[in-house]
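The residues making up each chain are set out below.
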Amino acid sequence: MKRNTFMQLMAFSAVTSLFLTNAVMAEAPDKARIMADACQTCHGPNGVGSGKIPELKGLEKSDITESLLGFRSGDEKSTIMGRYVKALSDDEINMLAEYFAGLDK
Amino acid sequence: MNQINRRKFIKLLGAAGVASTTSGLILPGGAIAGSKARVVVVGGGFGGATCACYLRRYDSSLDVTLIEPNNQFITCPFSNTVLAGIKSLDFITHNYDGLHKNYGVKIIHDTVISIDATAKNLKLKNGKTLKYDKLVVSPGISFNWDEIEGASEENSKIMPHAWKAGTQTTLLRKQLEAMKDGGKVIIAAPRKPFRAPPAPYERASLIAYYLKKTKPSSKILFVDSSGDSEELAMFRKGWEKLYKGMIEWVDGSEQGEIISADAKTLSLTGRTVGNLKGDIVNLIPPQRAGDIARVAGLTDKSGWCPVSQQNFASRLQKDIHVIGDACIADPMQKTGHSANTQGKICAAAIVTELSGGTMPDVTYNVSIYSLLNPKYALSSAGVYRLKNGKLKQVAGGLSAKKASRKTRLKEARFASGWYKGITMDTFGKT
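On a predicted model such as this, the values are computed, not experimentally measured, just so you know.

1. Topic: the sheet that holds strand β3 (residues 38-42) of chain B
Residue and element names in this part refer to chain B. One open sheet accounts for 5 strands, arranged β7-β4-β3-β11-β21; its pairing is parallel. Two strands bound the open sheet, and with one partner strand each, they are β7 (106-108) and β21 (320-322). Taking the axes of each pair of neighbouring strands and ignoring which way they run, one obtains an average angle of 20° across the sheet. This element, helix α2 (residues 46-58), spans β3, β4 (63-67) and β11 (134-137) of the sheet and lies at about 170° to β4. Most of the contacts of helix α9 (residues 336-354) go to β11, to which it runs at about 170°, and overall it touches β3, β11 and β21.

2. Concerning the pairing of strand β14 (residues 219-224) of chain B
For a regular strand, side-chain orientation follows a simple rule: the groups alternate between the two sheet faces. All names here are of chain B. The buried fraction of β14 is high, at 5 of 6 residues. Regarding the hand of the β-α-β motif, the stretch spanning strand β13 (residues 184-189), helix α6 (residues 199-214) and β14 is right-handed. In the sheet, β14 pairs with strand β15 (residues 247-251) via 5 bridges, with the strands oriented parallel. Across the sheet, the residue bridging to Val223 is Val250, located in β15. A crossover connection joins β14 to the parallel β15 through helix α7 (residues 230-242); in handedness this β-α-β unit is right-handed.

3. Digging into a negative patch on the surface
A cluster of acidic residues, Asp63, Glu66, Asp75 and Glu76 of chain A, forms a negative patch on the protein surface. Within the fold, Asp63 of chain A resides in helix α3 (residues 61-73).

4. Re the confidence of the model for chain B
All names here are of chain B. Looking at chain B, the pLDDT average stands at 93 and 92% of residues meet or exceed 70. Confidence scores differ between elements of chain B, with helix α1 (residues 6-23) showing the lowest mean pLDDT of 38 and β21 the highest of 99. Contacts of residues 1-30 to residues separated by more than four positions or lying in other chains number 35 contacts, the stretch itself having pLDDT below 50.

5. Considering the confidence of the model for chain A
The predicted model of chain A has a mean per-residue pLDDT of 82, with 73% of residues at 70 or higher. Note that residues 12-26 of chain A has pLDDT below 50 and, in this model, 15 contacts with residues that lie over four places away or in other chains.

6. Concerning α3 of chain A
All names here are of chain A. Between its first and last C-alpha, α3 extends 18 Å over 13 residues, near the 18 Å set by a 1.5 Å rise per residue. For α3, the complete set of buried residues consists of Ile64, Thr65, Leu68, Gly70 and Phe71. One or two positions beyond α3, positive phi appears at Gly74, with a value near 95°.

7. Here's the deal with the layout of surface pockets
The volume enclosed by the second largest pocket comes to roughly 700 Å³. What lines the second largest pocket is a set of 32 residues, and nearest its centre among them are His43, Leu56, Leu68, Phe71 and Met81 of chain A. Breaking the lining of the second largest pocket down by element, the ones donating at least two residues are α2 (31-43), α3, α4 (81-85) and α5 (90-102) of chain A together with β22 (364-373) and α10 (405-426) of chain B. Its residues assigned to classes, the lining of the second largest pocket comprises 21 nonpolar, 7 polar and 4 charged.

8. A closer look at the side chain of Arg195 of chain B
Residues and elements named next belong to chain B. Inspection of the secondary structure assignment puts Arg195 in the loop between β13 and α6. A polar side-chain atom of Arg195 sits 2.5 Å from a polar atom in the side chain of Asp325. Residues in contact with Arg195, not counting those within four places in the same chain, are Cys76, Gly140, Ile141, Trp163, Lys164, Gln287, Asp325 and Lys334.

9. Overview of the environment of Tyr376 of chain B
Positionally, Tyr376 of chain B belongs in strand β23 (residues 376-387). A C-alpha to C-alpha distance of 7.5 Å links Tyr376 of chain B and Arg405 of chain B, two positions 29 residues apart in sequence.

10. Quick word on unusual backbone geometry
All names here are of chain B. With an omega dihedral of 0°, the bond running from Lys192 to Pro193 counts as a cis peptide bond. Mapping Pro193 onto the fold places it in the loop between β13 and α6. Residue Pro331 follows Asp330 across a cis peptide bond; omega there is 15°. Assignment of secondary structure puts Pro331 in the loop between β21 and α9. Positive phi outside glycine occurs at Lys120, with the angle close to 55°. With respect to the helices and strands, the residue Lys120 is situated in the loop between β8 (112-116) and β9 (121-124).

11. A few points about the pattern of salt bridges
If charged atoms from side chains of opposite charge come close, those side chains can pair. All names here are of chain B. Throughout the structure, instances matching the rule amount to 23 salt bridges over all chains. Taking the shortest distance from any N to any O, the salt bridge between Lys134 and Asp319 comes out at 2.9 Å. On the criterion of sequence distance, the pair formed by Lys134 in strand β11 and Asp319 in the loop between α8 (291-295) and β21 is long-range, its members being 185 residues apart. Lys134 gets classed as buried once you look at its relative accessible area, which sits at 7%. For Asp319, a relative accessible area of 16% translates into the label buried.

12. Let's talk about the packing of aromatic side chains
How two aromatic rings sit relative to each other is set out by the distance from centre to centre and by the angle between their planes. All names here are of chain B. Applying the stated criterion to the full structure yields 16 aromatic pairs over all chains. Judged by centre distance (5.1 Å) and plane angle (55°), the rings of Tyr201 and Phe235 are tilted. Residue Tyr201 is found in helix α6, and its partner Phe235 is found in helix α7; the two are separated by 34 residues along the sequence. Exposure class is identical for Tyr201 and Phe235. Each is buried. With a centroid separation of 6.3 Å and 50° between ring planes, the pair formed by Phe312 and Tyr364 is classed as tilted. Here the residue Phe312 occupies a position in the loop between α8 and β21, and Tyr364 occupies one in strand β22, the gap between them amounting to 52 residues. Given the relative accessible area of 0%, Phe312 is considered buried. Tyr364 gets classed as buried once you look at its relative accessible area, which sits at 2%. Among the aromatic side chains, those forming a connected cluster through ring pairs are Phe46, Phe73, Tyr96 and Phe427.

What counts and how
- Residues numbered from 1 in each chain as written.
- Chains lettered and ligands numbered in written order.
- Predicted model: local features only at pLDDT ≥ 70, side-chain atom pairs only at ≥ 80, totals over all residues.
- Heavy atoms only, no water.
- Pairing = 2+ DSSP bridges.
- Helix = DSSP H or I, 4+ residues; strand = E, 2+ residues; numbered from the N terminus.
- Axes fitted to C-alpha atoms, helices over the stretch in contact; angles between N-to-C directions.
- Contact = heavy atoms within 4.5 Å.
- Buried < 20%, exposed > 50% of the residue type's maximum accessible area, 1.4 Å probe, protein only.
- Right-handed = clockwise from strand over helix to strand, strands pointing away.
- Patch = residues over 30% accessible without salt bridge, like charges linked within 9 Å, V, L, I, M, F, W, Y side chains within 5 Å.
- Areas by Shrake-Rupley, 256 points an atom, 1.4 Å probe, with all protein chains shown as cover.
- Salt bridge = Lys/Arg side-chain N within 4 Å of Asp/Glu carboxyl O.
- Lys, Arg positive; Asp, Glu negative; His and termini not counted.
- Charge placed at Lys NZ, Arg CZ, Asp CG, Glu CD.
- pLDDT = per-residue confidence, 0-100.
- Expected span 1.5 Å × (residues − 1).
- 1 Å grid on protein atoms, 1.4 Å probe; cavity = no way out; pocket = protein on both sides within 12 Å on 5 of 7 lines; lining within 4 Å.
- Points joined across faces, edges and corners; volume = space filled by probe spheres on them.
- Nonpolar A, V, L, I, M, F, W, Y, C, P; charged D, E, K, R; others polar.
- Polar contact = N/O pair within 3.5 Å; in protein donor to acceptor, adjacent residues only side chain to side chain.
- Phe/Tyr/Trp six-rings, centres within 6.5 Å; stacked < 30°, edge-to-face > 60°.

As structure tokens, this is what we get:
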């Protein structure tokens, strides 16, 4: 290998390493994903499939936010969601609404 | 790039790729990335199956192997509906195809007989040794037979516990079918901590549902070593309405605990509750973490496994995580939903650690549905967060004390939905 090519390879290894590092780092699930994945236990994979429990996928962000805020304040009646949502901050409600609204419809 | 042509560029990328996969990349904090970390999960119940599934969902480059002796998993949730003849055993039986086909989890049907935490490997019953970088142990429960004189695995064929679903569930169901009208069923539930604390209440309810339909003069004597509680009061109110006079609840806490059992006479004895004789004895013994946890040195003197509640890493052995009923995660109760939640958090924590990141602040969610009949359910919800390294309940609670028949029916429908959702989620069904 010529010295010039070797130096280029080293430079590219460094760049690729950085890229791979970022790629691997990006694979670690973020807060939105981990918290949204908790919803799937009852609501089903990607928020669908558990029949009698309302589906989440394909809903508008504003509808999800409105429902969750309503459950939390008690303005919207619920059997169990009101008990759950009291744990969530406004930011978390917004984050979850954005996540489910962003899933492929 | 102007000094290098396209072909050379691709060649260089290829070379860099090889270099990075053979040597791995060392990230800050000593984390390994770019190399294929090997994670082995022991136990294919709600904890282990969920964890294996989510490890692959969060990082598809991981080499994930699930070790489980059985080809199928029969769930404890909804097994009380099988006892009552509402659902079949097939309904609560699930396979591991989804985990393998949809998520690339490798499945080995075998039993782990020992774990070497120093050499980071484990031995299987078939003689093979398996190496791991990270190990997740989700062994469920074992029974403390020796705490009740006369109780044993052998005698459970006469006095079934039906607290691990499968042949024991079928056995208790057959006994209920064979019992004459006017017979007495004793349900003896152990002191906490044990698997699925509200489930004895559901069991008493659904056995009463079956008896009321088919053998209405029969009775249930429920000896409860957990003692009284706000939750029990809600069930007792329901029993009064649905099964008046059929279920007699006896406080078996503290001195009342069952201390001996006689399979020949179908009787149980407690210090204060005296000698109790039934036509059927459903003896649910006191419990501890599944045996492999003790063999591997993961249990403390309580019989359960101390862990970090942030990532479920064992406090006793390095690079081993313990989830599900076996770990000490209180105030989370030992239930299928808790195990499912812990499986996900543990998977996220392992992937985060391997990539050198930090786990975000997230909630840990648990719901428990109990049926009093197919159209009447109560639920308990718990939301937890880490505060100074310890889980604290931040929201949740029981169903409304006063509610319409319609609300109880809605919760019964949600119970079915919950079961469908959690089994799809846990076993990687799409």
